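Analysis of the macromolecular model
One letter stands for each residue in the lines below.
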Amino acid sequence: MQKRVFLATAALATFALPAGLALAQDNSFKIGLILPMTGQQASTGKQIEAAARLYMAQNGNTVAGKKIELIIKDDAATPDVTKRLAQELVVNDKVNVLGGFGVTPAALAAAPIATQSKTPLVVMAAATSSITQASPYIVRTSFTVPQAAVALADWAPKNGIKKVVTLVSDYGPGIDAERFFKDRLTFNGGQVVDALRVPLRSPDFAPFLQKVRDIKPDALFVFVPSGAGAAVMKQFLERGMDKAGIKLIGTGDVTDDDQLNDMGEGALGVVTAHHYSAAHPSAANKKFVEAFEKANKGMRPNFMAAGGYDGMRVIYEALRATKGKGTGDDLLAAMKGQIFESPRGPMFIDAQTRDVVQNIYLRKVEKKDGQLFNVEFDVIKDVKDPGKAK
Ligand code: VNL
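Just so you know, these numbers come straight off a predicted model, no measurement behind them.

A word on the packing of helix H10 (residues 303–321) against helix H11 (residues 328–335). For the pair H10 and H11, interaxial distance at closest approach is 8 Å and the crossing angle is 115°. Judged by the twist between their axes, the crossing of H10 over H11 is right-handed. Facing H10, whose interface residues are Val314, Ile315, Ala318, Leu319 and Ala321, H11 presents Leu331, Ala334 and Met335.

Printed below as a string of structure tokens:
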């Protein structure tokens, strides 16, 4: 008798447990961010995680009756790992949305999983033009390298820069930078006299810079991913390239706000094109930078933080618009066409391409209140990805 009662309660207990879990699950909305938290791209993971947590702290963790749960996984920017983590997040954790993706190969590795499982995937960092074409479930809140490269190639020849050597990291975004910069500069009557590519992993810039010194162009155009800019700047100055009359220009990744303040006075005057500067003079950005620094021991947000913060915004608003009841397809539909003011300025998610449309700014490194900033001096409004126009 006693045994039977025990069995009955045990049965009840085992039954009650999954039901309770299911209930908890029904009420939660899971966002799985895959980020490089270790390795060469760790600063990108750190910036995006901090931005996502700030967004949640400011906007609460309940939306449309759902409790938002943030799951962060470290892929060390290694595509095989990214793919496995994306699979686990979808199958085991049953995430509603995937996000993050520090580098292009990571975003591309996860794309088929988004497609198969119909899970929206928000790219918050990676910037090769073609990424959004790898899955109809991809939405991007970062930028595309061609957006910045083309803007700079329009600026350069009007400012005495005609003969240029390009130096890029030898993978997706670097190849985009090289190609789009060269095509546009050539169209504008300038000339790329040499195109150099450095390995992504542990690059040594010295032999490349020596070559540039010998060629003596008007400027060296650089694309390196976030986190590598300080090393380029240091070696550029150590070799006296600036004194030899060679200007350094690039996409804003090279004067990354995460490192800029430690680059020293040698960085003063460097002109870049990009979508985000911590010095962007808007009330929304001032508020963002202050709150971010306060929550992170003074760490300055960079363009990766902006991509992460806005990515969370796109996810929150999609959940709100679908009243907490949406499938992956419903959420995706509610992400398309979102238009809002980001810390970077106005931006929107093009409903056709699912890519970000935004202002691109020309900026010059200047000293303000004893600190180095990318100070915006011109703007090209509402720039679509030039890679999609072709
Ligand atoms: C990528 C593009 C990565 C720009 C970056 O930093 C960056 C990429 C990690 O697409 O891999 O600044």
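It is worth spelling out the site of the ligand at this point. Neighbouring the ligand are 16 residues, the closest being Thr104, Ala127, Tyr171, Ser226 and Asp253. Thr104 is positioned with one of its side-chain polar atoms (N or O) 2.5 Å from an oxygen atom of the ligand. Between the ligand and the protein, one listed contact pairs an oxygen atom with a backbone N or O atom of Ala127 at 2.8 Å. Considered on its own, the ligand offers 320 Å² of accessible surface; in the complex 100% of this is hidden by protein. Of the residues that constitute the shell around the ligand, the class distribution is 9 nonpolar, 6 polar and 1 charged.

Counting residues in each nonpolar core, the largest one holds 95 residues, and the members touching the most others are Leu152, Phe181, Phe221 and Ile249. Here this core takes 11 residues from H10, the largest share from any one element. Aside from chain neighbours lying at most four places away, what touches Phe181 is Ala149, Leu152, Ala153, Val164, Thr166, Val192, Phe221 and Ile249. Val165, Val198, Phe205 and Phe236 belong to the second-largest nonpolar core, a separate cluster that totals 24 residues.

Across the two faces of strand E11 (residues 271–274) the burial is the same, with Val271 and Ala273 and Thr272 and His274 all buried. Inspection of the sheet shows strand E10 (residues 247–251) paired to E11 by 3 bridges, in the parallel sense. Bridging across to E11, Gly250 finds its partner in Thr272. Inspection of the sheet shows E11 paired to strand E14 (residues 356–368) by 4 bridges, in the antiparallel sense. Each bridged residue has a counterpart across the sheet, and for Ala273 the counterpart in E14 is Leu362.

Bringing the pairing of strand E1 (residues 28–35) into the picture now. The side chains of a regular strand alternate, first on one face of the sheet and then on the other. With 8 of 8 residues buried, E1 is to be regarded as a mostly interior element. Pairing of E1 with strand E3 (residues 66–74), which is carried by 8 bridges, proceeds in the parallel orientation. Across the sheet, Gly32 pairs through a bridge with Ile71, a residue of E3. Pairing of E1 with strand E4 (residues 97–100), which is carried by 4 bridges, proceeds in the parallel orientation. Along E4, the bridge assignment pairs Ile34 with Gly100.

So, how was this worked out
- Residues numbered from 1 in each chain as written.
- Predicted model: local features only at pLDDT ≥ 70, side-chain atom pairs only at ≥ 80, totals over all residues.
- Heavy atoms only, no water.
- Axes fitted to C-alpha atoms, helices over the stretch in contact; angles between N-to-C directions.
- Helix = DSSP H or I, 4+ residues; strand = E, 2+ residues; numbered from the N terminus.
- Left-handed = near helix turned anticlockwise from the far one by under 90°.
- Contact = heavy atoms within 4.5 Å.
- Near = heavy atom within 4 Å.
- Polar contact = N/O pair within 3.5 Å; in protein donor to acceptor, adjacent residues only side chain to side chain.
- Areas by Shrake-Rupley, 256 points an atom, 1.4 Å probe, with all protein chains shown as cover.
- Nonpolar A, V, L, I, M, F, W, Y, C, P; charged D, E, K, R; others polar.
- Core = buried A, V, L, I, M, F, W, Y, C linked by side-chain atoms within 4.5 Å.
- Buried < 20%, exposed > 50% of the residue type's maximum accessible area, 1.4 Å probe, protein only.
- Pairing = 2+ DSSP bridges.

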